[in-house]
Amino acid sequence: MFRTDDAARAGDPTGRDESGRLERVPSSRTGSTIARGEVVGSATPAGVMALLLGIGPAAHRRDRFRGVRGGPRAPGGGATMWPMSQHRASFSLAEIRERIDALDADLVHLLARREKLVREAAGLKKDERAVRAPDRAERVVAAARAEAERAGLTPAVAETVWRAMVGAFIDLELTEHRREGAPR
Ligand SMILES: O=C(O)C(=O)C[C@]1(C(=O)O)C=C[C@@H](O)C=C1
C-alpha cells in the first residue's frame, strides 16, 4: 500500500507480485472497501489501518507536511504563508529533494503525453498562424492560472511555467511543420 496526496495518474497498476488484485482506491473509499471484505492481503490491511487510525510513517509524514500546505491563505487567496521557521526542520533537505525529484519524474511523463497530443494537433494545422494559435495559447495559460488557484499553486508561477511550456511546444510544432513541408 502506498499513500500520497499528490500522485499523477500514469495508468492502472501493472506489477502483480503476490497480489490477487491491484486497484487504486481513493482514501475516501477505504472504509467501504474494507466493509465489503475486499481488502484481504496481509500487508494492505496493515497500511489501511495505519491510514485510518492516523498512525504510522505515512500519516506521520502527512501531518508534518500538512502545516506547510494548509497554512493561512495569503491576501488575494494565493499561496499559503508560513514563516520558514514553522516548516523548516520537519523534513531534511535531502528528503524534500527526493520528493521534488519524484514529482519531476511524474511531470516529465505527463509532458511526454502532452507532447504526443501536441504533435497530433500540429499535424492537423495548415499554416504557421494555426500552429501558433495565440488565442488558444492565452486560453491555455488562463486555464492553468485558474486551476492553480484551486490547487494551491501560486498563479504567477503557473503562468510563467505554462508560457514557457507552450512556447516550447510551439517551437516543436513549427519545426515539425517545416520538416513535413506542410503548405502555408
Ligand atoms: O491547442 C493547440 O492548438 C496546440 O497546438 C497546443 C498548444 C499548447 O501547447 O497548449 C500549442 C500551441 C498553440 O499555441 C496552442 C496550444
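Just so it is clear, the model here is predicted, and its values are computed rather than measured.

Calculation notes
Residues numbered from 1 in each chain as written. Predicted model: local features only at pLDDT ≥ 70, side-chain atom pairs only at ≥ 80, totals over all residues. Heavy atoms only, no water. Salt bridge = Lys/Arg side-chain N within 4 Å of Asp/Glu carboxyl O. Helix = DSSP H or I, 4+ residues; strand = E, 2+ residues; numbered from the N terminus. Core = buried A, V, L, I, M, F, W, Y, C linked by side-chain atoms within 4.5 Å. Buried < 20%, exposed > 50% of the residue type's maximum accessible area, 1.4 Å probe, protein only. Contact = heavy atoms within 4.5 Å. Axes fitted to C-alpha atoms, helices over the stretch in contact; angles between N-to-C directions. Left-handed = near helix turned anticlockwise from the far one by under 90°. Nonpolar A, V, L, I, M, F, W, Y, C, P; charged D, E, K, R; others polar. Near = heavy atom within 4 Å. Polar contact = N/O pair within 3.5 Å; in protein donor to acceptor, adjacent residues only side chain to side chain. Areas by Shrake-Rupley, 256 points an atom, 1.4 Å probe, with all protein chains shown as cover. UniProt positions renumbered as here; feature names shortened; annotations may be inferred. Patch = residues over 30% accessible without salt bridge, like charges linked within 9 Å, V, L, I, M, F, W, Y side chains within 5 Å. 1 Å grid on protein atoms, 1.4 Å probe; cavity = no way out; pocket = protein on both sides within 12 Å on 5 of 7 lines; lining within 4 Å. Points joined across faces, edges and corners; volume = space filled by probe spheres on them. Parallel < 35°, antiparallel > 145°, perpendicular 65-115°, else oblique. Phe/Tyr/Trp six-rings, centres within 6.5 Å; stacked < 30°, edge-to-face > 60°. Lys NZ or Arg CZ within 6 Å of the ring centre and 35° of its normal.

Caption draft 1: Spatial organisation of the pattern of salt bridges. As enumerated under the stated definition, the model contains 11 salt bridges in all. A salt bridge links Arg150 to Glu147; the shortest N-O distance between them is 2.7 Å. Within this pair, Arg150 and its partner Glu147 are both found in helix H7 (residues 134-151), separated by three residues, close to a single helical turn.

Caption draft 2: Representation of the nonpolar core in the model. Core analysis: the largest hydrophobic core is formed by nine residues, namely Val118, Val131, Ala137, Val140, Met165, Val166, Phe169, Ile170 and Leu174. At the level of elements, H7 and helix H8 (155-180) are the ones that each hand at least two residues to this core. With five residues, H8 is the single largest residue contributor to this core. Those residues within four positions of Val131 in sequence are excluded, and the remaining contacts are Lys125, Ile170, Glu173, Leu174 and His177.

Caption draft 3: Spatial organisation of the packing of H7 against H8. Two numbers describe how H7 lies on H8: the axes approach to 8 Å, and their chain directions differ by 150 degrees. By crossing handedness, the relation of H7 to H8 is classed as right-handed. Counted together, Ala137, Glu138, Val140, Val141, Ala144, Arg145, Ala148 and Glu149 of H7 and Pro155, Ala156, Ala158, Glu159, Trp162, Arg163 and Val166 of H8 form the full contact between these two elements. Taken together, the residues that form the contact of H7 with H8 break down as 10 nonpolar, no polar and five charged.

Caption draft 4: Spatial organisation of the site of the ligand. The environment of the ligand is made up of 13 residues, and the closest members are Arg114, Lys125, Arg132, Arg136 and Glu173. One nitrogen or oxygen atom from the side chain of Arg136 is found 2.7 Å from an oxygen atom belonging to the ligand. Within the side chain of Glu173, a nitrogen or oxygen atom sits 2.5 Å from an oxygen atom of the ligand. When the ligand is considered free in solution it has 360 Å² of accessible area, and contact with the protein chains removes 91% of it.

Caption draft 5: Quick look at the UniProt feature "coiled-coil region" (unreviewed entry) in the chain. When the UniProt feature table is mapped onto this chain numbering, "coiled-coil region" (unreviewed entry) sits at residues 93-127. The span residues 93-127 carries 89% helix and 0% strand; its end-to-end C-alpha distance comes to 48 Å.

Caption draft 6: A look at a nonpolar patch on the surface. Taken together, Leu153, Val157 and Val161 make up a surface patch of nonpolar side chains, about 220 Å² in accessible area. Tracing the sequence through the fold places Val157 in helix H8.

Caption draft 7: A look at the layout of surface pockets. If you add up the space inside the second largest pocket, you get close to 290 Å³. Every residue lining the second largest pocket is counted, 15 residues in all, and those nearest its centre are Arg114, Val118, Arg136, Val140 and Glu173. Sorting the residues of the lining of the second largest pocket by element identifies helix H5 (93-123), helix H6 (128-132), H7 and H8 as the ones contributing at least two each. Across the lining of the second largest pocket, the residue classes break down as 10 nonpolar, no polar and five charged.

Caption draft 8: Spatial organisation of the packing of H5 against H8. Running from N to C, H5 and H8 cross one another at 45 degrees; their axes reach a closest spacing of 10 Å. Between H5 and H8, the interaxial angle falls into the category oblique. Considering how the two elements wind past one another, H5 and H8 form a crossing that is right-handed. Here H5 contributes Leu111, Arg114, Glu115, Val118, Arg119 and Ala122 to the contact with H8, which in turn contributes Met165, Val166, Phe169, Leu172, Glu173, Glu176 and His177.

Caption draft 9: Examining the packing of aromatic side chains more closely. Enumeration over the complete set of coordinates arrives at zero aromatic pairs. The cationic tip of Arg99 hangs over the ring face of Phe91; the distance from NZ or CZ to the ring centre is 5.9 Å.

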